[in-house]
Amino acid sequence: MDRKSWIIVTLCVILAGLNLYYTSENQKLAQAEAARIQAEKAKNAPAAAVTTTPAAPGAAPSATTAAVPAAPAAVNVPEEKHSLTVGSMTFELTSKGGGIARAVLAGTDKVTLNTNGLEAIGALRREPAGLDAMAYKLTSKSDKSATFEGTSAEGVVVTKTYSLTEGKESDEHLIDLSITLRNTGAAQHRSEEYYLYAGASSALKHDDARYEGFFWNDAGDADFYQADYYAKPWFSEQKFEFRQSYNALRYAGVMGRFYTHIVTRVGEKDAPGKFWTTRRKLAQPIDTAHAGKTDIEDHAYDASMGLPAVDLAPGASVTQTYQIYLGPKEYDRLSKIGKQRSFAMFYGWFKPISIFLSWVMRWMHDMTGNWGVAIILLTIFVRLCIWPIHAKSTFTMKRMGLLGPMMKELQEKYKDNPQQQQQEVMKLYRDYGVNPLGGCLPMFLQIPIFFGLYRVLEYAAELRGQSFLWVNDLSAADTVTNWGGIDINPLPLIMGLTMVAQMKLTPQPQSMDKTQQRIFMLMPVFFLFICYSFAAALALYWSTQNIFSIAQTWIMKLYIPEPKLEKVAQKTVAKGPPPQNPFFNPMGNKEKKKGPKPPKLGG
């Protein structure tokens, strides 16, 4: 066959392969959707528990379901509700699932957690993806606690007591849960399949969906995955759930950008546990503006944490204690309630820097009472700390700029000999005592500080609902109006203008060609485009940093003399006798001194 025929055959094979691949993917998605619909039906029909057949890690949930008999009284027991309120936090308890139906955060938060949950947080499942089918009764209640009791089909009486926390490590977002399992049957009851439902986390707005995820702590080693775990990969199968067993599962949960659900086991010794999570598509979009748009999808992230293995003789009982945290992701708050829950602040590689800057920002807020002012003071504090580095970098760049004409001459002279050109350039640097890395290295030293501070401002739940000047919410864009369908955000515009002014004042090497200069001048436009919809806190930080850099450059120009280009005196090394090499002088003999020889005997 000729070349054209081979091309056609190859394209046909590729298209056939793509067709088979996407056909199988569509079948998997259809199965997952069927499983989701079945689960929602089970939620509305409490007479029977619908469970999903266990799947291997990373596999798609099966659409095949099996009904597990529930307690006979499930249909006839009406729902009972009770609320526990402390500070600005309200836990709405329900007998359906015997847990926390909703967690309402008042104050500046104004958020309700678990709004998209399949059932109550604390529901006791017999399979991680199933539902709690037991019929619970509210047996006792008070202002500080509530107790639910139900009986399973196996004759196991389950008693759950929720209590507000008290003491040194208490918090208004933290609640105690005591679970007692008592075997009232005549046979031994053994099971490793008891799971606590941790609830469902969903983004507060569509743009924050990428921050959604899940996490766990195994013997002090905390780790997490974000929304991209469930994204469709290029060269592997898409994941629909996460299942894993751990030797010492201390806590697990789900999280968003600012809020988290943490279920923590409380005990003297660590115990093995299982963790399961999945993502499901929401029937309605989070943002009302996206209603009716089929190309925009929002999701909820469900999770279940396994209990240690249960082995009960007839009449025996066992009690497990847990704590459930439903609240903001604040490092200071999580560190105070202990149990390594502050590990759930995943700041990244520069976490120690982020923790320190978070502490400084909170201290400055306590001093001023305003988070916007605290961000400005924090930025000034950081810039003062790196002032010497910045000054050294600027001084070196100015000296390199003075070498520009001489470097151009060398480039023209040795344009046909790049190796010789490089040698002459390095000799030029040595002659004038200029370190070519002196201008770049200080900038690299600032990178950890920048990324550490960026992470703090990106995840700071403290900034939600906090105002500053015209900004209503420091955690969102500072949109003041809309003009022709375009949001007008003043802080990013100020950031762009100050960046242009800063670049005008920054010394540029004379060796920079016109193309590099154009790219250099387009950088503010590029950054403005990327950062235009950023949170106002980040734009405020960047604008303050630019203004500080402009002031720093101006001060240095006034009080620090301009560098002069002078050759550095080269150090001369005094020549001495060559060192003795033991390999050529193995006996260590010294060189013989020249002089008159002693007379010979008889001579």
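Refer to the structure printed above.
Rules used throughout
- Residues numbered from 1 in each chain as written.
- Predicted model: local features only at pLDDT ≥ 70, side-chain atom pairs only at ≥ 80, totals over all residues.
- Heavy atoms only, no water.
- Pairing = 2+ DSSP bridges.
- Helix = DSSP H or I, 4+ residues; strand = E, 2+ residues; numbered from the N terminus.
- Core = buried A, V, L, I, M, F, W, Y, C linked by side-chain atoms within 4.5 Å.
- Buried < 20%, exposed > 50% of the residue type's maximum accessible area, 1.4 Å probe, protein only.
- Contact = heavy atoms within 4.5 Å.
- Axes fitted to C-alpha atoms, helices over the stretch in contact; angles between N-to-C directions.
- Phe/Tyr/Trp six-rings, centres within 6.5 Å; stacked < 30°, edge-to-face > 60°.
- Lys NZ or Arg CZ within 6 Å of the ring centre and 35° of its normal.
- Patch = residues over 30% accessible without salt bridge, like charges linked within 9 Å, V, L, I, M, F, W, Y side chains within 5 Å.
- Areas by Shrake-Rupley, 256 points an atom, 1.4 Å probe, with all protein chains shown as cover.
- Salt bridge = Lys/Arg side-chain N within 4 Å of Asp/Glu carboxyl O.
- Expected span 1.5 Å × (residues − 1).
- Arc of directions from axis to C-beta.
- Polar contact = N/O pair within 3.5 Å; in protein donor to acceptor, adjacent residues only side chain to side chain.
- Parallel < 35°, antiparallel > 145°, perpendicular 65-115°, else oblique.
- Left-handed = near helix turned anticlockwise from the far one by under 90°.
- Nonpolar A, V, L, I, M, F, W, Y, C, P; charged D, E, K, R; others polar.

Participant: Account for the pairing of strand β19 (residues 273-281), naming residues and giving values.
Facilitator: Judged from the 6 bridges that link them, strand β16 (residues 241-246) and β19 form a sheet pairing that is antiparallel. Its bridge partner being in β19, R243 is matched across the sheet by W276. When β19 meets strand β20 (residues 299-306), the two strands line up antiparallel, connected through 7 bridges. Bridge assignment links W276 to a residue of β20, and that residue is S304.

Participant: Could you give an account of the nonpolar core, naming the residues involved and the relevant values?
Facilitator: Of all hydrophobic cores here, the largest spans 51 residues; its most connected members are I100, L124, L181, F275, I324 and L326. Residues in contact with I100, not counting those within four places in the same chain, are F91, E92, L93, N114, A120, I121, Y162, I175, I324 and L326.

Participant: If you had to explain the environment of G465 to someone new, which residues and values would you point to?
Facilitator: With respect to the element layout, G465 can be found in the loop between α9 (447-459) and β23 (481-483). A relative accessible area of 39% means that G465 is categorised as partly exposed. Residues G465 and A476, spaced 11 residues apart in sequence, show a C-alpha to C-alpha distance of 8.8 Å.

Participant: Requested: an account of the sheet that holds strand β22 (residues 317-328), with residues and values cited.
Facilitator: Read across the open sheet, the 9 strands follow the order β8-β9-β10-β11-β22-β18-β17-β14-β15; overall the sheet is antiparallel. Looking at which strands have only one partner, the edges of the open sheet turn out to be β8 (137-141) and β15 (221-226). Strand after strand, the sheet turns through a mean of 20° between neighbouring axes, direction not considered. Bridge count between β8 and strand β9 (residues 145-151): 4 bridges; the pairing is antiparallel. Its bridge partner lying in β9, K137 is registered against E149.

Participant: I'd like to hear about the packing of aromatic side chains, residue by residue, with values.
Facilitator: What describes a pair of aromatic rings is the distance from one ring centre to the other and the angle between the planes of the rings. Applying the stated criterion to the full structure yields 30 aromatic pairs. Here the aromatic rings of F356 and F381 are separated by 6.4 Å at their centres, their planes lie at 45°, and the arrangement is tilted. Placement of the pair is F356 in helix α3 (residues 351-368) and F381 in helix α4 (residues 371-385), with a sequence separation of 25 residues. When its relative accessible area of 42% is taken as the criterion, F356 is described as partly exposed. The exposure class of F381 is partly exposed, given its relative accessible area of 29%. Here the aromatic rings of Y454 and F534 are separated by 6.3 Å at their centres, their planes lie at 50°, and the arrangement is tilted. Remark: F534 occurs in the loop between α11 (514-531) and α12 (536-559) and Y454 occurs in helix α9; sequence separation between them is 80 residues. Directly above the aromatic system of Y194 lies the positively charged group of R126, at a separation of 4.3 Å from the ring centroid.

Participant: Requested: an account of the side chain of S342, with residues and values cited.
Facilitator: Mapped onto the elements, S342 comes out in the loop between α2 (331-336) and α3. For S342, the residues in contact, after removing those within four places along its chain, are Y331, L334, S335 and K351.

Participant: Describe in detail a nonpolar patch on the surface, supporting the description with residues and values.
Facilitator: A contiguous nonpolar patch, built from W554, I555, L558, Y559 and I560 and spanning about 580 Å² of accessible area, is present on the exposed surface. Within the fold, Y559 resides in helix α12. The exposed category is assigned to Y559, whose relative accessible area is 69%.

Participant: Could you give an account of α4, with specific residues and numbers?
Facilitator: Taking 1.5 Å as the rise per residue, α4 with 15 residues should run 21 Å; its terminal C-alpha atoms sit 21 Å apart, in good agreement. Within the sequence span of α4, burial applies to W371, G372, A374, I375, L378, T379, V382 and R383. Considered in projection along α4, the buried side chains sweep an arc of 170° and stay on one side of the axis. Tucked into the core, α4 has its buried residues touching α3, α5 (387-402), α9 and α12. The opening residue of α4 is N370, an N-cap whose side-chain oxygen sits 2.8 Å from the backbone nitrogen of G372.

Participant: Pulling in residues and values, what's your account of the side chain of H299?
Facilitator: With respect to the helices and strands, the residue H299 is situated in strand β20. What makes H299 buried here is its relative accessible area of 16%. What H299 contacts, discounting residues up to four positions off in sequence, is S201, S202, R279, R280, K281 and L282.

Participant: Can you tell me about helix α7 (residues 418-432), naming the residues and giving the values?
Facilitator: The terminal C-alpha atoms of α7 lie 21 Å apart, and with 15 residues this matches the ideal 21 Å at 1.5 Å per residue to within 8%. Those residues of α7 that sit buried are V425, L428, Y429, D431 and Y432. Down the axis, α7 shows its buried residues gathered within 165° of arc, on one side only. Projecting away from the buried face of α7 at angles above 90 degrees are the exposed residues Q419 and R430. Here the buried face of α7 lies against α5 and α6 (404-413). Directly after α7, the chain includes G433, whose backbone phi takes a positive value near 65°.

Participant: So, unusual backbone geometry: which residues are in play, and what are the values?
Facilitator: In this structure, K110 is a non-glycine residue whose phi angle is positive, near 50°. Residue placement: K110 occurs in the loop between β5 (99-105) and β6 (111-113). In this model, K339 sits at a positive phi of 60°, which is unusual for a non-glycine residue. Residue position: K339 is located in the loop between α2 and α3.

Participant: Give me the lowdown on the pattern of salt bridges, citing residues and values where you can.
Facilitator: With the rule as written, the count across this model stands at 20 salt bridges. Notably, a salt bridge pairs E330 with R362, separated by 3.7 Å at the nearest N-O pair. Highlighted residues: E330 in the loop between β22 and α2 and R362 in helix α3, separated in sequence by 32 residues. Bridged by salt links that share partners, the residues D171, E330, D332, R333, K336, R362 and E462 form one connected network.

Participant: I'd like a description of the sheet that holds strand β7 (residues 124-125), backed by residues and values.
Facilitator: The strand order across the open sheet formed by 5 strands is β7-β13-β20-β19-β16, and the pairing between neighbours is antiparallel. In this open sheet, the two edge strands, each paired with only one partner strand, are β7 and β16.

Participant: Give me the packing of α5 against α12: which residues, what numbers.
Facilitator: Where α5 contacts α12, the two axes come as close as 11 Å, and the packing angle between them is 60°. In terms of orientation, α5 lies oblique with respect to α12. Read as a crossing pair, α5 and α12 show a hand that is right-handed. Listed contacts from α12 to W387, H390, A391 and T394 of α5 are F548, Q552, T553, I555 and M556. For the contact of α5 with α12, the residue count by class is 5 nonpolar, 4 polar and no charged.

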